[in-house]
There are 2 protein chains.
Amino acid sequence: MKANNDHTTRLIKYKRILIQLKSLGLERVFSTNLGDAIGINPTLVRKDFSRMNLTQGNRKGGYNINELIDSLNSILGTSELQDVVVIGCGNLGKALIKHEAFYKEGINISAGFDSNPREAELNGIPIYPMEVLMNYVTQHEIRVAVLCVPAGAASHTRDLLADAGIQGILNFTPVELKSSETLRIQNVNICLEIENLFFQISGKSSRVPV
Amino acid sequence: MKANNDHTTRLIKYKRILIQLKSLGLERVFSTNLGDAIGINPTLVRKDFSRMNLTQGNRKGGYNINELIDSLNSILGTSELQDVVVIGCGNLGKALIKHEAFYKEGINISAGFDSNPREAELNGIPIYPMEVLMNYVTQHEIRVAVLCVPAGAASHTRDLLADAGIQGILNFTPVELKSSETLRIQNVNICLEIENLFFQISGKSSRVPV
DNA sequence: TAGATTGTTAATCGATTAACAATC
DNA sequence: TAGATTGTTAATCGATTAACAATC
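Residues numbered from 1 in each chain as written. Chains lettered and ligands numbered in written order. Predicted model: local features only at pLDDT ≥ 70, side-chain atom pairs only at ≥ 80, totals over all residues. Heavy atoms only, no water.

Peer 1: Hey, could you run me through the overall build of chain A in this one?
Peer 2: Along its length, chain A carries nine helices and nine strands. Each principal axis of the C-alpha distribution contributes one length, and for chain A these read about 60 × 50 × 35 Å. Within chain A, the fraction of its 210 residues that count as buried is 48%. Sequence-distant contacts, at least 24 apart, represent 55% of the contacts inside chain A between residues at least 6 apart. Each charge class in chain A was averaged separately, 22 positive and 21 negative side chains, and the resulting centres sit 10 Å apart. (Helix = DSSP H or I, 4+ residues; strand = E, 2+ residues; numbered from the N terminus. Buried < 20%, exposed > 50% of the residue type's maximum accessible area, 1.4 Å probe, protein only. Contact = heavy atoms within 4.5 Å. Lys, Arg positive; Asp, Glu negative; His and termini not counted. Charge placed at Lys NZ, Arg CZ, Asp CG, Glu CD.)

What follows is the structure, encoded as structure tokens:
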């Protein structure tokens, strides 16, 4: 599970680096280059490629960047726009809706939902009341939601989303939600990350024996 | 590194669960309870406690919650407010500054910085131009920054923060920054997490052999 | 050809878990 | 005491890395 996740994350990173290298005019790349770029051992790069069955490297000239990008696209899914909805349009939800950088990276926020919408749209993206969520999600075949509701509403909203047929949630609430068979959850706990940072830099972390 | 990170994350989670259990009136807790709560094996809970040298469980009655919280506090650092600054006051930066939930969890946003501030304060939190960053950070002994600048400014701002003596960065830009000896970086790449979710639910992830 | 890089097997490393004696 | 739970050692598991034959 965790491993698979790490593995996937690396594949996505390879793809991004490759697109950048391509835009710089490069045509071929070595496992060492990719390893350097994402901070891992080149052997692991080759192992990753081998694991995804694209044994297409040339034992002299490395990998063809275009072919590699194609392979990664076919494995990771298209590089076209992927629709998500934002649930909870408070400060954070609104910021994500207005955040233009997502679009550039292939993510399209198709609508926002709020139990009590203060505006009808933001940057041209419609904001609907929660009541129409189920309908909207079904009609537009939305599979992924970004959860930005207050902590108190997290668990209840998770269930709503599950009922509506959502399959993946990026969870920004401080309530840690657990993945199930049909609903995959990625928790982003900002406070926990900050607390973690404070601990790491406190020097106390080295006291914990390895 | 990764391991240590996971270990720390678990310690923080224990602490939070324990505080909640305490607020419910509980006084003692078993390793099984904590394991259930954060979704891990109870042996790992005991191992974690053992690793941090608080062998204080009672072989019949489990652990005393108060003692456990005290121990965790002394290891993780105080539970008092911890000051951070937000760098980059665009949509996301502003949202974090206005996000009141941080305060409840012991995190105090002490100021915001922007290369071109549009307002002097938000929710009573002052917004300063980048020029005064170094001075402010030194004077207020700020050690952790939350980075919300545009992708193009990420790397440059990282260097600025390092020069100013910042020791930890929570990085919300899509540019993956690397930790150094003196500057620890926690990357939160929203687009990557979403892309990961889409892959996980696509069913293709199971094609990748384990 | 000689040199370089891949793909893959075997070795290592570290984290998690099982098992169980200690003991409350 | 008998039963239950801890603390810790040994076993397992999986991910990463080293080594190296294959080959361009």
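Peer 1: I would appreciate a short explanation of helix α8 (residues 154-164) of chain B in the present structure.
Peer 2: Two residues of an α-helix separated by three or four positions point the same way, owing to the 3.6 residues in each turn. Residue and element names in this part refer to chain B. Buried residues of α8: Ala154, Thr157, Arg158, Leu161 and Ala164, and no others. One side of α8 holds all its buried residues, which, seen down the axis, span an arc of 125°. Those residues of α8 that are exposed and aimed more than 90 degrees away from the buried face are His156 and Asp163. On its buried face, α8 sits against β3 (82-87), α7 (133-140), β7 (144-147), β8 (168-171) and β9 (184-187). (Arc of directions from axis to C-beta.)

Peer 1: How should the sheet that holds strand β9 (residues 184-187) of chain A be read in this particular structure?
Peer 2: Hydrogen bonds between backbone groups are what pair the strands of a sheet, and the pairing can be parallel or antiparallel. Reading across the sheet, the seven strands line up as β5-β6-β4-β3-β7-β8-β9 (chain A) and stay open at both edges, with mixed pairing between neighbours. Strand pairing shows two members of the sheet lacking a second neighbour, β5 (121-122) and β9 of chain A, which therefore form its edges. Inspection of the sheet shows strand β3 (residues 82-87) of chain A paired to strand β4 (residues 107-114) of chain A by six bridges, in the parallel sense. Within β4(A), the residue paired with Gln82(A) across the bridge is Ile107(A). Here helix α9 (residues 190-202) of chain B sits on the sheet and contacts β3, β4, β7 (144-147), β8 (168-171) and β9 of chain A; the angle it forms with β8(A), its principal contact strand, is near 160°. (Pairing = 2+ DSSP bridges. Axes fitted to C-alpha atoms, helices over the stretch in contact; angles between N-to-C directions.)

Peer 1: I'm lost on the sheet that holds β7(B) in this one. Help?
Peer 2: An order of β5-β6-β4-β3-β7-β8-β9 (chain B) is seen for the seven strands of this open sheet, with the pairing classed as mixed. Of all the strands in the sheet, the pair left with one neighbour each is β5 (121-122) and β9 of chain B. Across the sheet, helix α9 (residues 190-201) of chain A touches β3, β4 (107-114), β7, β8 and β9 of chain B, and the angle it forms with β8(B) is around 155°.

Peer 1: Would you take a moment to explain the packing of aromatic side chains for this structure?
Peer 2: Describing an aromatic ring pair means giving the distance of the ring centres and the angle of the ring planes. Residues and elements named next belong to chain B. This structure, assessed with the given rule, holds 10 aromatic pairs over all chains. Summarising the aromatic geometry, the rings of tyrosine 14 and phenylalanine 49 are spaced 5.2 Å apart at their centres and angled 70° between planes, so their arrangement reads as edge-to-face. Taken together, the residues tyrosine 14 in helix α1 (residues 2-23) and phenylalanine 49 in helix α3 (residues 42-51) connect sequence positions 35 residues apart. A relative accessible area of 0% means that tyrosine 14 is categorised as buried. The class of phenylalanine 49 is buried, set by a relative accessible area of 1%. Ring centres 5.5 Å apart and planes at 45° place the aromatic pair tyrosine 128 and tyrosine 136 in the tilted group. Judged by its relative accessible area of 30%, tyrosine 128 falls in the partly exposed class. (Phe/Tyr/Trp six-rings, centres within 6.5 Å; stacked < 30°, edge-to-face > 60°.)

Peer 1: Hey, could you run me through the domain arrangement of chain A in this one?
Peer 2: When its domains are assigned, chain A resolves into domain 1 (2-74) and domain 2 (82-193). Centre-to-centre, using C-alpha coordinates, domain 1 of chain A lies 31 Å away from domain 2 of chain A. (Domains from an automatic or database assignment.)

Peer 1: What am I meant to see in the pairing of strand β6 (residues 125-129) of chain B here?
Peer 2: The side chains of a regular strand alternate, residue by residue, between the two faces of the sheet. Residues and elements named next belong to chain B. Two elements, β4 and β6, share three bridges in a ladder whose sense is parallel. Note on β6: the bridge partner recorded for glycine 112 is isoleucine 127. Bridge analysis of β5 against β6 gives two bridges, and the strand direction is antiparallel. Residue pairing across strands places glutamate 121 opposite proline 126, the latter belonging to β6.

Peer 1: Help me understand the relation of the copies chain B and chain A, please; the structure alone is not making it clear to me.
Peer 2: What relates the two chain copies is a rotation about an axis together with a slide along it. Once chain B has been moved 0.0 Å along the axis and rotated by 180°, it coincides with chain A to within an RMSD of 0.0 Å. The superposition of one copy onto the other is thereby described by a two-fold rotation axis. For chain B, the residue whose C-alpha comes nearest the rotation axis is Ala95(B), separated from it by 3.0 Å. With an isologous cut-off of 70% or more, the 100% of interface residues of chain B that recur at the interface of chain A puts this contact in the isologous class. (Least-squares fit on C-alpha atoms with pLDDT ≥ 70 in both.)

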